Amino acid sequence: MYNFSMSNQTKTLKAISMRNFVFGAEDSLVSTVGLLSGIATAGVERETILLTGIVLLSVEAFSMAVGSFLSERSAEEYAVHHEVNPKDSLIGSLVMFFTYLIAGFIPLSPYIFADGGALSFSIIFSLGALFAVGVVTAKVVNLRILWNGFRTLLMGGIAILVGVFIGRLVGYF
């Protein structure tokens, strides 16, 4: 008989990748739309919004990848009480980097392509992407698809609302 079950190493790598995908996408969508909404409501020029968004995505994608590498490796070393091969942590950090970078262009894209209504489109696109992240996660993990999509949308949506509210509040003063 053949054993088709996944090895513990494969399960660990998939868990690390899934964790970094969800965290990177959610954090990038929420952080980027929150920052851009604050900048946009302050009435700055479109070029400033784009520059701010690109700098944010570049710096944060790298920062999140480094944080992912260090935290994944530290957690694994804590679990086994000795140094571990950094391969899984490196893969997780690469997933984090590219997920954060790509997801961040979703709320930034309306400012690239639209003259009017970019803020609204940015929020709507981000909410749609949050739902999609939940759906993709549910499909991969074999969970309830709609429930997971709405849960991710709701939780990320609340964070987006907080970001937009703070951005507008600060912009008001």
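Since this is a predicted model, take the numbers as computed values, not measurements.

Parameters and conventions
- Residues numbered from 1 in each chain as written.
- Predicted model: local features only at pLDDT ≥ 70, side-chain atom pairs only at ≥ 80, totals over all residues.
- Heavy atoms only, no water.
- Helix = DSSP H or I, 4+ residues; strand = E, 2+ residues; numbered from the N terminus.
- Buried < 20%, exposed > 50% of the residue type's maximum accessible area, 1.4 Å probe, protein only.
- Phe/Tyr/Trp six-rings, centres within 6.5 Å; stacked < 30°, edge-to-face > 60°.
- Axes fitted to C-alpha atoms, helices over the stretch in contact; angles between N-to-C directions.
- Parallel < 35°, antiparallel > 145°, perpendicular 65-115°, else oblique.
- Left-handed = near helix turned anticlockwise from the far one by under 90°.
- Nonpolar A, V, L, I, M, F, W, Y, C, P; charged D, E, K, R; others polar.
- Core = buried A, V, L, I, M, F, W, Y, C linked by side-chain atoms within 4.5 Å.
- Contact = heavy atoms within 4.5 Å.

Draft legend 1. Inspection of unusual backbone geometry at higher detail. The backbone phi angle of histidine 81 is positive, close to 65°, even though this residue is not glycine. If you trace the backbone, histidine 81 turns up in the loop between helix H2 (46-80) and helix H3 (87-113). Classification of histidine 81 by relative accessible area gives exposed; the value is 69%. Not every positive phi belongs to a glycine, and asparagine 142 is a case in point at roughly 65°. The residue asparagine 142 is located in the loop between helix H4 (118-141) and helix H5 (145-172) in this model.

Draft legend 2. Focus on the packing of aromatic side chains. Evaluated as defined, the whole model comprises 3 aromatic pairs. Relative to phenylalanine 98, the ring of phenylalanine 97 lies with its centre 5.0 Å away and its plane at 85°, an arrangement referred to as edge-to-face. Residue phenylalanine 97 is classed as partly exposed on the basis of its relative accessible area, which comes to 24%. Their ring planes at 35° and their centres at 5.8 Å tell us that phenylalanine 121 and phenylalanine 125 sit as a pair that is tilted. One end of the pair, phenylalanine 121, and the other, phenylalanine 125, are both in helix H4, 4 residues apart, so they sit about a helical turn from each other. On the accessibility criterion, phenylalanine 121 (41% relative accessible area) is partly exposed.

Draft legend 3. Summary view of the packing of helix H1 (residues 8-41) against H3. At their nearest, the axes of H1 and H3 sit 7 Å apart, and the two run at 30° to each other. Considering their axes alone, H1 and H3 lie roughly parallel with respect to each other. Both H1 and H3 take part in a crossing whose hand is right-handed. Grouping the constituent residues of the contact of H1 with H3 by class yields 18 nonpolar, 12 polar and 2 charged.

Draft legend 4. The nonpolar core, seen in detail. Core analysis: the largest hydrophobic core is formed by 23 residues, its most contacted members being Leu29, Leu36, Tyr100, Leu108, Tyr111, Ile123 and Ile160. Looking at this core, the elements with two or more residues in it are H1, H2, H3, H4 and H5. Ranked by residue count, the leading element in this core is H4, at 6 residues. Discounting residues that sit within four places of it in the chain, leucine 29 has contacts with Ala103, Ile106, Pro107, Ser126, Ala129 and Leu130.

Draft legend 5. Spotlight on the environment of valine 33. If you trace the backbone, valine 33 turns up in helix H1. Here valine 33 falls in the buried class, since its relative accessible area comes to 0%. Sequence-wise, valine 33 and valine 66 are 33 residues apart; in three dimensions their C-alpha atoms are separated by 22 Å. For valine 33, the residues in contact, after removing those within four places along its chain, are Ser28, Pro107, Ser122, Ile123, Ser126 and Ile160.

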